Amino acid sequence: MISKLLTSTVALLAVSAALQVNAATMPNIVILATGGTIAGSAESQTQAGYTSGQVGIDILMDAVPQIKDIANITGEQVSNVGSQDMTDAIWLKLAERVNQLLAKPDVDGIVITHGTDTLEETSYFLNLVINSKKPVVMTAAMRPSTALSPDGPLNIYNAVAVAADKNAQGRGVLVVANDDIHGARSFTKTNTNDVQTYKSIEYSLIGVNLKGQNRWFRSPVHRHTTASANAGEGVEN
Ligand code: ASP
């Protein structure tokens, strides 16, 4: 009996040590939530109408516990609005927080959840004012969190996998949705209802992402983030 107890205690200690080693080697990713359909809710799983920006960061993260297997995650609520109601004040708060977080040596990347309506504008803006090479990855959803088959959780998982990938560094702000990796400059929303709404028509995709496996095709050639004219002191224009 005692030897069985000892064996299980030793096994538990080994598992806990392995988890600690894993946590120490995994990248540290912060998820900043701003609202949108990804945080939307409806009264039934099948109705078309819903309200954006209803669900908080904790519920968004709880819907995709698998992110904890690939990164050490913390979450913050920056705002909770439908992105049709995005404001300059929220933009400035978001940009300031991203720059603050990325200046910390123990933050490896940022994921931002956002509505699709102005995802292209916010990602373009952040691409000009973030002063870091670390990954900044925006994501969104076309279906609310309460839908029968929400697209948000997998988009968040893929966004975390991109933010945790060293190969994402130096490529500017990225938009990860529907298994594709877009550059902030090329990304656009093309359809009001379709989950395949996200396109990079002019310059094509930066890469694709299949359940956390990233494949990289290109890097943006235009100036962005640390090379942008707006990125802060000491940056050559
Ligand atoms: N109106 C919503 C928003 O931009 C649309 C969406 O998120 O898909 O927040």
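Residues numbered from 1 in each chain as written. Predicted model: local features only at pLDDT ≥ 70, side-chain atom pairs only at ≥ 80, totals over all residues. Heavy atoms only, no water.

## Points about the pattern of salt bridges
Put simply, the test is: Any carboxyl oxygen of Asp or Glu within 4 Å of a side-chain nitrogen of Lys or Arg constitutes a salt bridge here. Put simply, DSSP H or I for four residues or longer makes a helix, DSSP E for two residues or longer makes a strand, and each gets a number counted from the N terminus. Summary of the burial criterion: residues with accessible area below 20% of their type's maximum are buried, those above 50% are exposed, and those between are partly exposed, where the area comes from a 1.4 Å probe applied to protein chains only.
Evaluated as defined, the whole model comprises two salt bridges. Taking the shortest distance from any N to any O, the salt bridge between R97 and E76 comes out at 2.8 Å. Placement of the pair is R97 in helix α3 (residues 88-102) and E76 in strand β2 (residues 72-81), with a sequence separation of 21 residues. Taking the relative accessible area as the measure of exposure, R97 reaches 22% and is therefore partly exposed. In this structure E76 comes out as partly exposed when scored by relative accessible area, which is 24%. Here D117 and K189 are joined by a salt bridge, their closest N and O atoms 2.7 Å apart. Here D117, found in the loop between β3 (109-113) and α4 (119-129), pairs with K189, found in strand β7 (residues 187-189); they are 72 residues apart in sequence, far enough to count as distant.

## Looking at the side chain of S79
Filter applied, for reference: As used in this structure description, the phrase polar contact means that two N or O atoms lie within 3.5 Å; if the pair is within protein, one of them must be able to donate a hydrogen and the other to accept it, and residues adjacent in sequence are counted only when both atoms belong to side chains. Any two residues whose heavy atoms approach within 4.5 Å are treated as being in contact.
Mapped onto the fold, S79 is located in strand β2. Within polar-contact distance, the side chain of S79 engages the backbone oxygen of T34 at 2.8 Å. Those residues in contact with S79 that lie beyond four places of it in its chain are A33, T34, G35 and I90.

## Some thoughts on the site of the ligand
Heads up, the rule is: For this description, a residue counts as near a given molecule or strand if any of its non-hydrogen atoms is within 4 Å of it. A 1.4 Å probe and the Shrake-Rupley method give the accessible areas. Residues count as covered only by the protein chains that appear here. Three classes are used, and their members are as follows: Ala, Val, Leu, Ile, Met, Phe, Trp, Tyr, Cys and Pro are nonpolar, Asp, Glu, Lys and Arg are charged, and the others, Gly among them, are polar.
In the vicinity of the ligand, the residues found are G36, T37, S52, G82, S83, Q84, G115, T116, D117 and A141. D117 is positioned such that a nitrogen or oxygen atom in its side chain is 2.7 Å from a nitrogen atom of the ligand. Protein chains shield 92% of the accessible area of the ligand, which is 260 Å² for the free molecule. Within the shell around the ligand, the residues separate by chemical class into one nonpolar, eight polar and one charged.

## What to know about the packing of aromatic side chains
The condition that has to hold: We call Phe, Tyr and Trp rings a pair once their centres come within 6.5 Å, taking the six-membered ring for Trp, and we label the pair stacked below 30 degrees between planes, edge-to-face above 60, and tilted otherwise.
Counted by the stated rule, this structure contains two aromatic pairs. Ring plane angle 10° and centroid distance 4.4 Å describe the contact between W91 and F125, whose orientation is recorded as stacked. Separated by 34 residues along the polypeptide, W91 in helix α3 and F125 in helix α4 bring together distant segments of the chain. A residue is classified by how much of its surface remains accessible, and F125, at 16% relative accessible area, is buried.

The values are spatial; any link to function lies outside them.
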